[in-house]
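# Chains, contacts and geometry: an overview
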Amino acid sequence: MAVLAGPILPADADEVVRKGPEAAWIRSVDVPAADPARADQIKNGISWLLADEQIIHRDYGYDDYSRTVYRIVDRPGLERGASIDLQFDPSKHKVTLNHLRIIRDGVVLDQLDDAKFDIFRQEKDAEKGVYDGWLTAHVNIDDVRVGDIVDYGETYEITPHVGKGLFFYNFSTEWEDPVGLIRTSVTWPASQPLVIKPRGTEIKPTISASGTDSVYLWEIANPKPVKVEENVPTDFPAWGSIDVSSTASWQSVIEAVQPYYKPATAFPPAFAAKLDEIAARHPLPEDRMIQAMRLVQDEIRYVSLSIGSGSYIPRDPATVVQSGFGDCKDKALLLTSALARLGVSAQVALADLDHGRALDQHLPALRNFDHAIVKATIGTKAYWLDATNYLQGGYASNFPQPDYGFALPVFGSGELEKMPSPEPKSPTIKVAEEFFFPDKPGGQLTLSVLSTHEGADADYMRSKLASRSVANCPTPICNITASATPASKAPQSWKSSTIVTATSSIYGRAIGCRLKRWPPTISPRTSRSKRPTSAPTCRPRPRWIAPDPSRLGRPFTAGTA
């Protein structure tokens, strides 16, 4: 669900998104013709002709010019191709629409002057408690017809909030749809050579000099469309892509955020008293760690105000406690600070919920992360804690630790660390079913089910049961469920790493459940966004990860700090 916060008034729209010609540094590129041999592979009524990206270094960050050209070849293409969307963060982006043209039968029709911007705030992850403040400038193009060529270009002036000396860009070298030319150029100071890392491709750039700059150019003409299989592992390169970065060191990323993640020492009196009570009741550091984790998980609700610099910089822990909410980085810093007060060594670590297992295959970048967790160390043993979880059971010896592949501790060695991925030694869900047949005519057939959930599955079931009403709760654990809020006052059986449920019912019809498989896509869209696929905004740890058509099979896209 997307939340629309209403349009910006037309008088303000032209101030948010401007109109103006291309800058002098931008090179005009000839539009190639579509390959007739690939006509039967065109989808959605749109034939893509040119995807041109040109980036240049600036003192404040960099400028990013993009030009998109396509032909509408069939009626479905009118729905997708007769409007454009420019998505941007007004706190760090200045957007200029440079040209908007329709080419009909060889005649160029300039549409720029007539283009009107409808600007909306679309919070696409509001149902997850994430608000990022991005805006969408929507333009309806008048009088578009089948057979027309649409040609538009825009420039983003980008000023990063954090890590202004860092640059990262990623692009795909092949699409699912036919495209005439994929062209990417990056102009950067020769004194600051860029690092390039291909993934799933052997394509290399041509590098030339332009004054004191170096120009890195990739031109990929008529690439063969790639068919991406469903549910491909994240660490498998299902299509070709190229990373371009200003650094090859993860330490550069750490240095950009480290000043903001130092543990705090001041807490509101009531919260400090709870920490002192934990210290008094639990002499072992392992028990203190678990109790502090539950305190932050269960008493601070998840809300992410990742607007502007808030997408990278956490709020002060005292503010988080007083407000009663925070996102992953807020809660991670609060937990780290609480553990420090309890004498447990801990630090914030950056992670990625979806692409974490492939982080080591990419060049360092802030935008590679969308989550923050905690690494605690007791003696020689490391523990990984996710403060966005809640109602988590178990003890230090057996509680389910997150496994997102790789993580980057903010005060660590300056390298990615592989999170533990223990091999399951036994099933985590055990179900015993007993049928009781009637012993006389007219009797009822009864099915009794005893389900045992362990580890992460127990946490999921604990959360599921806690959200139910007592009247709808399976016996005999209704009393445990009813007493589970707040979790800090729940009985020890509720905090166990195992949940057992028992149900008994008269035999009825079975209802089958099928999981829909969403097809992945790496096709372009007629919308332009600087919103990274792995957004820098924090995301809560999902209780159950459902297939998401907007992320499955989609490559990393251009991201900005």
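Figured I'd write up the structure that's included with this text. Every value quoted in this text rests on a predicted model; they were computed, and no experiment measured them. All residue numbers refer to position in the chain's written sequence, counted from 1. Only residues with pLDDT of at least 70 get local features here, since the model is predicted, and only at 80 or more are side-chain atom pairs given and counted; chain-wide, interface and lining totals rely on the full set of residues. Excluded from the side-chain calculations are hydrogens and water; all other atoms, namely the structure's heavy atoms, are used.

### Brief notes about the overall build of the protein
Numbered from the N terminus, helices here are DSSP runs of H or I no shorter than four residues, and strands are runs of E no shorter than two. Assigned secondary structure in the protein consists of nine helices and 29 strands. Residue burial is assigned from relative accessible area. The probe radius is 1.4 Å, only protein chains are included, and a residue is buried under 20% of its type maximum, exposed over 50%, and partly exposed in between. Relative to its full complement of 561 residues, the protein shows a buried share of 51%. Whether two residues touch is decided by their heavy atoms; if any such pair falls within 4.5 Å, the residues are in contact. In the protein, once contacts between residues fewer than 6 apart in sequence are set aside, the share between residues at least 24 apart is 76%. Residue burial considers only the protein chains on display, and all accessible areas are found by Shrake-Rupley using a 1.4 Å probe. Carbon and sulfur atoms provide 53% of the accessible area of the protein, an area that totals close to 26,300 Å².

### Here we look at the sheet that holds strand β23 (residues 381–385)
Strand pairing is defined by DSSP finding a minimum of two bridges between the two strands. The antiparallel open sheet is built from five strands, whose spatial order is β23-β22-β21-β24-β25. The sheet is open, and its two edges are formed by β23 and β25 (417–418), each paired on a single side. Note: strand β22 (residues 371–378) against β23, five bridges, orientation antiparallel. Looking at the pairing, Lys375 lines up with Trp384 of β23. Only C-alpha atoms enter the line fits that serve as axes; for helices the fit covers just the stretch in contact. Angles between N-to-C directions range over 0 to 180 degrees. On top of the sheet, helix α7 (residues 328–341) reaches β21 (345–351), β22 and β23; it is set at about 15° to β22, its chief contact.

### Digging into the sheet that holds strand β12 (residues 168–172)
Spatial ordering of the open sheet is given by β12-β17-β14, a layout of three strands whose pairing is antiparallel. On the outer flanks of this sheet lie β12 and β14 (195–199), each paired with one strand and no other. Shown here is a sheet whose adjacent strand axes are inclined to one another by a mean of 15°, direction ignored. Pairing of β14 with strand β17 (residues 241–245), which is carried by five bridges, proceeds in the antiparallel orientation. Considered in β17, the bridge of Lys197 is made with Asp243.

### Overview of the nonpolar core
Counting 51 residues, the largest nonpolar core has Phe271, Met289, Leu335, Leu339 and Leu385 as the members making the most contacts within it. The element contributing the most residues to this core is α7, with seven residues. When sequence neighbours within four positions are dropped, the list of residues in contact with Leu385 reads Met289, Met293, Leu335, Leu339, Ile373, Val374, Ala376, Phe399 and Pro402. Residues enter a nonpolar core if they are buried and are Ala, Val, Leu, Ile, Met, Phe, Trp, Tyr or Cys, with the set joined through side-chain atoms within 4.5 Å. Within the second largest apolar cluster, 44 residues are counted, among which are Leu97, Ile141, Ile158 and Leu194.

### Considering the packing of helix α4 (residues 269–281) against α7
Between α4 and α7, the least distance of the axes is 10 Å, while the angle of their chain directions is 50°. Classified by the interaxial angle, the pair formed by α4 and α7 is oblique. Where α4 crosses over α7, the two elements pack in a sense that is right-handed. Residue-level inspection shows Phe271, Ala272, Leu275 and Asp276 of α4 in contact with α7, the latter providing Leu334, Ala338 and Arg341. Broken down by class, the residue content of the contact of α4 with α7 amounts to five nonpolar, no polar and two charged. Comment on the angle field: the value is read as roughly parallel under 35 degrees, roughly antiparallel over 145, roughly perpendicular from 65 to 115, and oblique elsewhere. Note on convention: the crossing is left-handed when the near helix lies turned anticlockwise from the far helix by less than a right angle, right-handed when the turn is clockwise. Under the grouping applied here, Gly and all other residues not named as nonpolar or charged are polar, the nonpolar ones being Ala, Val, Leu, Ile, Met, Phe, Trp, Tyr, Cys and Pro and the charged ones Asp, Glu, Lys and Arg.

### Comments concerning the pairing of strand β3 (residues 46–58)
Counting buried residues in β3 gives 11 out of 13 residues, a clear majority hidden from the surface. Across 12 bridges, the pairing between β3 and strand β4 (residues 61–72) is antiparallel. Within β4, the position partnered with Asp52 by the bridge is Arg67. The antiparallel hairpin formed by β3 and β4 contains two residues in its connecting segment. Summarising the sheet, β3 and strand β13 (residues 179–189) pair through eight bridges and their orientation is parallel. Paired with Ile56 across the two strands is Thr187, which belongs to β13.

### Overview of helix α5 (residues 285–299)
Helix span is expected to be 1.5 Å times the residue number reduced by one. Its 15 residues place the ends of α5 21 Å apart at the C-alpha level, agreeing with the 21 Å of an ideal helix rising 1.5 Å per residue. Within the span of α5, buried status applies to Arg288, Met289, Ile290, Ala292, Met293, Arg294, Leu295, Val296 and Gln297. Here the buried face of α5 lies against α4, α7, β22 and β23.

### Examining the environment of Ala351
Checked against the element boundaries, Ala351 lands in strand β21. Residue classification places Ala351 among the buried positions, given a relative accessible area of 0%. In sequence terms Ala351 and Tyr404 are 53 residues apart; their C-alpha atoms lie 6.8 Å from each other. Excluding residues within four positions of it along the chain, Ala351 makes contact with Phe369, Asp370, His371, Ile373, Tyr404 and Phe406.

### Observations concerning the pattern of salt bridges
By salt bridge we mean one thing: a side-chain nitrogen of Lys or Arg within 4 Å of a carboxyl oxygen of Asp or Glu. Applying the stated rule across the entire model yields 22 salt bridges. Connected through shared salt-bridge partners, Arg104, Asp143, Arg145 and Asp148 make up one network.

Everything listed is a geometric property; what it means functionally is a separate question.
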